[in-house]
Amino acid sequence: MQENLLGQGVELMLFGMATVIAFLTLLVLATSLMSLLIKRFFPSPSRGAGQPPDAGLSEDARLGIISAAIHRHRSKTEP
């Protein structure tokens, strides 16, 4: 009786583990497929080769943006 119960427990454990592995494999495949579809049908707009996003800004403009961001951050009320 005890061996039968132990065998059923092992069988149930293996079935559960196989179910989880199958589900995770399907999940990885589905997300990979969706990623490929998104990249194919909605390509990201390309910037200049190797240019950072703010390459056209002057040094004064960058300092102004940074100063405004710091000022806005510090002006928020802290809890």
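Reading the values: the criteria
Residues numbered from 1 in each chain as written. Predicted model: local features only at pLDDT ≥ 70, side-chain atom pairs only at ≥ 80, totals over all residues. Heavy atoms only, no water. Helix = DSSP H or I, 4+ residues; strand = E, 2+ residues; numbered from the N terminus. Buried < 20%, exposed > 50% of the residue type's maximum accessible area, 1.4 Å probe, protein only. Areas by Shrake-Rupley, 256 points an atom, 1.4 Å probe, with all protein chains shown as cover. Salt bridge = Lys/Arg side-chain N within 4 Å of Asp/Glu carboxyl O. Patch = residues over 30% accessible without salt bridge, like charges linked within 9 Å, V, L, I, M, F, W, Y side chains within 5 Å.

1. A look at the overall build of the chain
Here is step 1 of the chain: Broken down by element type, the chain carries two helices and zero strands.
Here is step 2 of the chain: A buried classification covers 0% of the 79 residues belonging to the chain.
Here is step 3 of the chain: Of the accessible surface of the chain, which amounts to about 7800 Å², a share of 68% is contributed by carbon and sulfur atoms.

2. Looking at the pattern of salt bridges
Here is step 1 of the chain: Evaluation of the coordinates by the stated rule reveals one salt bridge.
Here is step 2 of the chain: In this structure, R62 engages E59 in a salt bridge whose closest nitrogen and oxygen atoms are separated by 3.8 Å. In this pair, R62 and E59 both sit in helix α2 (residues 59-75), three residues apart, roughly one turn of the helix.
Here is step 3 of the chain: R62 gets classed as partly exposed once you look at its relative accessible area, which sits at 28%.

3. Thoughts on a nonpolar patch on the surface
Here is step 1 of the chain: Side chains of L6, V10, M13, L14 and M17 sit close together on the surface and give an oily, nonpolar patch of about 490 Å² of accessible area.
Here is step 2 of the chain: Mapped onto the fold, L6 is located in helix α1 (residues 2-41).

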